[in-house]
Amino acid sequence: MESCSTGVNGMLAVFLVLHLGLISSMAQQIEQQIGIAGQEVTLPCKGISSASPYRVVIWTFFDAVVGHMENNIHWKKPGADSQFEVMSTNKELKVRNLVLSNAGIYTCKYGSYKVRTSLHVFKLTVSLDGHFLQNEVPELTLMHNSPDPKPTLSITLFNSNNNIVTPETENKSPQKCILNLKKLEATDSGTWVCNVRSDSPLINQNISFAVKVLGFQDLDMERKYAIADSTVILSWHLNFQKIKWNKGFTGQVNWKQQESAKAHELLDFNVTALGEQHETKKSSHFLFEIPERTPKSTIQVKLSKVHFNHSGHYQCQLAYKGRHVQSNIELVVMKVSANPVGPLSRGANMTLICEVSGPLPPKAHLRWERVNGTQMDIKNSKQDEVKLEVNISAAGLWSCHLIEDNDRKISLHYHVEEAPVWINYVVTGTSVGGSVLVFAFVCLCIISGISWQRRRQRAKRMAQARQYLLENKTCQCQHWLKK
């Protein structure tokens, strides 16, 4: 029995020696942990478990006790910071609500053994609390605190579509890096990732952060073409429902006929924190309506019968915390007319006029053409021309097209009717009769002129004869007196 007991005790002794040796070798290693400011991290106490014979475990940070567990009971001083807590299982230390100053070397002590952990803390801040308007430039600030030696960090950014984003500017220092990004678009909303890497010590950490971009589905200026007297609805699609924008904001719609003209407010709107949308009509002189059944997250202006002078720039503006973003729609109106108005008589000519209300883009032009006509019936405007005239002598259906980049944006038709036959006869008779009357009048004028000329000559001869006779009588009287 004694030999058996001695053998067992020997085996236990060997086991304890091996166990303590393993613990000792592990205690020489320094574990490494990464923490994010504002979050929590758990620091391991490797080599110890709930079955370990050690009743007292002490965690220290820079020689200051931050955690104390005895008989699986966590002890702390009255009024001590609750940021640190020793967990019953595996005696890990949980650090809540991390700050940069929490970085450093933590030591787990049990018995005569120590386990050291190096904690790196990163703090990523996003300007404007991550809430942006379109076209705004976010600024990211990454701060880092760690025990010596300080790592050399490499930073890579990924947007919400998992595409790499290259910063416009970058300002680096050993413990702080400031990144200025490009202008944001509405599609940039979502979760972004900042990847931090280092070779020594080995770090490969992803830090995610939220970006919300309030704005329009399409921020670029849109050009909308319309036919005079037609119904036009101008729409701006917002994205506050899609990104769950939980803050209130306001906006308005303005109109000005020219870019340099004074703007007129048509309506204003507000969106509550609950996403409720309300519009108010502001102008009583401009003929427009606010559609009753407007789709969600959409601002609309309805022109029931658009006039030529309704053209111009319509601007929808969002305002949030003193910042603004806007989206423009340029409305171009087309109309056609004829001179003279009415049926086209045989042999007569007519001028068709097509014009638009505003300047055309560089690659746009107007075109007149006769439907089912020939190449001779086509006429194109020159660059920058907003009015195109064509002289025609053939009736039929004529079309004016506004063409941009070989794409017909809008077409307007004008039907030229041919005058009835009796009208042609009347016109012909009137023309012939008028010619006869003109000829007769000319002949009468000629005859009258000849007669007047003859009368004038006859009167002249008679006057000369009277003068002659009078001179002869005077001579005879003088002769008789001399006798």
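Procedures and definitions
- Residues numbered from 1 in each chain as written.
- Predicted model: local features only at pLDDT ≥ 70, side-chain atom pairs only at ≥ 80, totals over all residues.
- Heavy atoms only, no water.
- Helix = DSSP H or I, 4+ residues; strand = E, 2+ residues; numbered from the N terminus.
- Buried < 20%, exposed > 50% of the residue type's maximum accessible area, 1.4 Å probe, protein only.
- Contact = heavy atoms within 4.5 Å.
- Pairing = 2+ DSSP bridges.
- Axes fitted to C-alpha atoms, helices over the stretch in contact; angles between N-to-C directions.

Asker: Explain the environment of valine 211 to me, please; I cannot follow it from the model alone.
Answerer: In this structure, valine 211 sits in strand β17 (residues 203-214). A residue is classified by how much of its surface remains accessible, and valine 211, at 4% relative accessible area, is buried. As for valine 211 and leucine 184, which are separated by 27 residues in sequence, their C-alpha atoms are 9.7 Å apart. Those residues within four positions of valine 211 in sequence are excluded, and the remaining contacts are Gly130, Phe132, Leu184, Asp188, Ser189, Gly190 and Trp192.

Asker: What is the right way to read the sheet that holds strand β6 (residues 84-86) from this model?
Answerer: Taken in spatial order, the three strands line up as β2-β7-β6 in an open sheet, and their pairing is antiparallel. Of all strands in the sheet, those with a lone pairing partner are β2 (41-43) and β6, marking the two edges. Recorded for the sheet is a direction-independent mean angle of 25° between the axes of neighbouring strands. In this sheet, strand β7 (residues 93-95) lies alongside β2 in antiparallel orientation, the contact comprising three bridges. In the sheet register, threonine 42 faces β7, and the bridge partner there is lysine 94.

Asker: Is there a simple way to explain unusual backbone geometry in this structure?
Answerer: Note on backbone geometry: most residues besides glycine have negative phi, and most peptide bonds are trans. The step from serine 200 to proline 201 runs through a cis peptide bond, and the omega angle for that step is -5°. Tracing the backbone shows proline 201 in the loop between β16 (190-198) and β17. The amide bond that connects asparagine 339 to the next residue, proline 340, takes the cis arrangement and shows omega of 0°. Residue position: proline 340 is located in the loop between β25 (323-339) and β26 (350-356). Positioned with a positive phi, lysine 321 is a non-glycine residue whose angle comes to about 50°. Within the secondary structure, lysine 321 is located in the loop between β24 (312-320) and β25. Among the residues examined, lysine 321 registers a relative accessible area of 62% and is labelled exposed. Unusually for a residue other than glycine, asparagine 406 sits at a positive phi of about 65°.

Taken by themselves, the reported measurements are silent on function.
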